[in-house]
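Chain by chain, the residues run as shown.
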Amino acid sequence: ISGQMSNMTVFSALMDWKNRLDHKGFSVSAERLCRKINDYISTHSDPDTTPVLLVTGQSRGGALTNLVGKHFTDGGVRCLAYGFNVPMTTCENDQSILRSYTTLFNIVNEDDLVSKIPCAAWGFSRYGTDVSYKMSSFPSLWSAYFGEPHYALSDRTVSQFLQVITTLAPSRKALYEFD
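Below is a short write-up of the structure. (Residues numbered from 1 in each chain as written. Predicted model: local features only at pLDDT ≥ 70, side-chain atom pairs only at ≥ 80, totals over all residues. Heavy atoms only, no water.)

1. A word on the nonpolar core
Turning to step 1, where the next piece is worked out: Ranked by size, the top nonpolar core spans 17 residues in total, and within it L53, V55, V68, F72 and Y127 carry the most contacts.
Turning to step 2, where the next piece is worked out: When residues of this core are traced back to their parent elements, those giving at least two are α2 (24-44), β1 (52-58), α3 (60-74) and β2 (78-84).
Turning to step 3, where the next piece is worked out: Broken down by element, the residue count for this core peaks at five residues, all from α3.
Turning to step 4, where the next piece is worked out: M88, L113, C119 and I165 belong to the second largest nonpolar core, which has eleven residues in total. (Core = buried A, V, L, I, M, F, W, Y, C linked by side-chain atoms within 4.5 Å. Buried < 20%, exposed > 50% of the residue type's maximum accessible area, 1.4 Å probe, protein only. Helix = DSSP H or I, 4+ residues; strand = E, 2+ residues; numbered from the N terminus.)

Dropping the structure here:
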């Protein structure tokens, strides 16, 4: 039974991976979330009104925000999406398509590796508009909020980390090849 369940889970994930340019893990989760949101809208909204969605999330939730926002925008639903520290979500490389999602905003802390993976060197990017900042530029704000100093990775450390990752796996395809 566990082998059958495992195969069914894999099959289900493949069925939910609608856009093969998008990161599989994020895409499958976003597709499932979109179904839940559609069910909620159809059950709870007034049929005489047009729904407006506000979607937000941080880190992995930011990736889902990016893809859910794209999904509903593509479906003609007015959707505002604000993701915080959004990982890269897609290998779509047409900038006019990526930037056409004018109501999707990716608030990106350049000090954090999360927003840099999966790597641009593998062809990954994000839908919408990136709004970048460096938390290390505002140490007093961090200290005032959290009561401790902000420790950021240096630009050099981030660059070296990404270089190591892309040396180990020089392409998106190489991520799935094991020796």
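2. Things to note about the packing of aromatic side chains
Turning to step 1, where the next piece is worked out: In this structure the tally under the stated criterion is four aromatic pairs.
Turning to step 2, where the next piece is worked out: Ring centres of Y82 and F105 lie 5.3 Å apart, and the angle between their planes is 15°; on these two criteria the pair is classed as stacked. Taken together, the residues span a long stretch of sequence, with Y82 in strand β2 and F105 in strand β3 (residues 104-109) at a distance of 23 residues.
Turning to step 3, where the next piece is worked out: By relative accessible area, which is 24% here, F105 ends up partly exposed.
Turning to step 4, where the next piece is worked out: Arranged with centres 5.4 Å apart and planes meeting at 75°, the rings of Y101 and Y127 form a pair that is edge-to-face. Here the residue Y101 occupies a position in the loop between α4 (95-98) and β3, and Y127 occupies one in the loop between β3 and β4 (129-133), the gap between them amounting to 26 residues.
Turning to step 5, where the next piece is worked out: With a relative accessible area of 1%, Y127 lands in the buried category. (Phe/Tyr/Trp six-rings, centres within 6.5 Å; stacked < 30°, edge-to-face > 60°.)

3. A closer look at helix α6 (residues 155-168)
Every α-helix carries 3.6 residues per turn, so stepping three or four residues along brings you back to the same face.
Turning to step 1, where the next piece is worked out: The end-to-end C-alpha distance of α6, which contains 14 residues, comes to 20 Å, matching closely the 20 Å that a straight helix rising 1.5 Å per residue would cover.
Turning to step 2, where the next piece is worked out: Along α6, the residues classified as buried are V158, L162, I165 and T166. Buried residues in α6, looked at end-on, bunch into an arc of 95°, giving them a common side. Along α6, the residues that are exposed and aim more than 90 degrees away from the buried face are R156, Q163, T167 and L168. (Expected span 1.5 Å × (residues − 1). Arc of directions from axis to C-beta.)

4. So, the layout of surface pockets
Turning to step 1, where the next piece is worked out: Taken as a whole, the largest pocket spans an internal volume of roughly 170 Å³.
Turning to step 2, where the next piece is worked out: At the level of secondary structure, the elements contributing two or more residues to the lining of the largest pocket comprise α2 and α3. (1 Å grid on protein atoms, 1.4 Å probe; cavity = no way out; pocket = protein on both sides within 12 Å on 5 of 7 lines; lining within 4 Å. Points joined across faces, edges and corners; volume = space filled by probe spheres on them.)

5. Describing the environment of S159
Turning to step 1, where the next piece is worked out: With respect to the helices and strands, S159 occurs in helix α6.
Turning to step 2, where the next piece is worked out: For the pair S159 and V108, spaced 51 residues apart in the sequence, the C-alpha separation amounts to 16 Å.

6. Describing the packing of α2 against α3
Turning to step 1, where the next piece is worked out: Between α2 and α3, whose axes approach to 9 Å, the crossing angle comes to 60°. By the angle between their directions, the pair α2 and α3 is classed as oblique. Note on packing geometry: the crossing formed by α2 with α3 is right-handed. Every residue of α3 that contacts α2 at G25, F26, S27, S29, A30, E31, L33, C34, I37 and N38 is listed here: R60, A63, L64, L67, V68, H71 and F72.
Turning to step 2, where the next piece is worked out: The residue inventory of the contact of α2 with α3, partitioned by class, reads ten nonpolar, five polar and two charged. (Axes fitted to C-alpha atoms, helices over the stretch in contact; angles between N-to-C directions. Parallel < 35°, antiparallel > 145°, perpendicular 65-115°, else oblique. Left-handed = near helix turned anticlockwise from the far one by under 90°. Contact = heavy atoms within 4.5 Å. Nonpolar A, V, L, I, M, F, W, Y, C, P; charged D, E, K, R; others polar.)

7. Quick notes on the side chain of N66
Turning to step 1, where the next piece is worked out: Structurally, N66 can be placed in helix α3.
Turning to step 2, where the next piece is worked out: Within the structure, N66 has its side chain in polar contact with the backbone oxygen of Y127 (distance 2.7 Å).
Turning to step 3, where the next piece is worked out: Setting aside anything within four residues of it in sequence, one finds N66 in contact with V86, T89, L104, N106, R126 and Y127. (Polar contact = N/O pair within 3.5 Å; in protein donor to acceptor, adjacent residues only side chain to side chain.)

8. Notes on the sheet that holds β1
Turning to step 1, where the next piece is worked out: If you trace the four strands from one edge of the open sheet to the other, you get β1-β2-β3-β4, paired in parallel fashion. Edge positions in the open sheet fall to β1 and β4, since each of these has one partner strand only. Geometrically, the sheet is characterised by an average inter-axis angle of 15° between neighbouring strands, direction not taken into account. (Pairing = 2+ DSSP bridges.)

9. Observations regarding the pattern of salt bridges
Turning to step 1, where the next piece is worked out: Scanning the entire structure with this criterion turns up seven salt bridges.
Turning to step 2, where the next piece is worked out: One salt bridge in this structure joins K134 and D155, with 2.7 Å as the shortest N-O distance. Here K134 is found in the loop between β4 and α5 (139-146), whereas its partner D155 is found in helix α6, with 21 residues between them in sequence.
Turning to step 3, where the next piece is worked out: By sharing partners, the salt bridges in this structure join D16, R32 and R35 into a single network. (Salt bridge = Lys/Arg side-chain N within 4 Å of Asp/Glu carboxyl O.)

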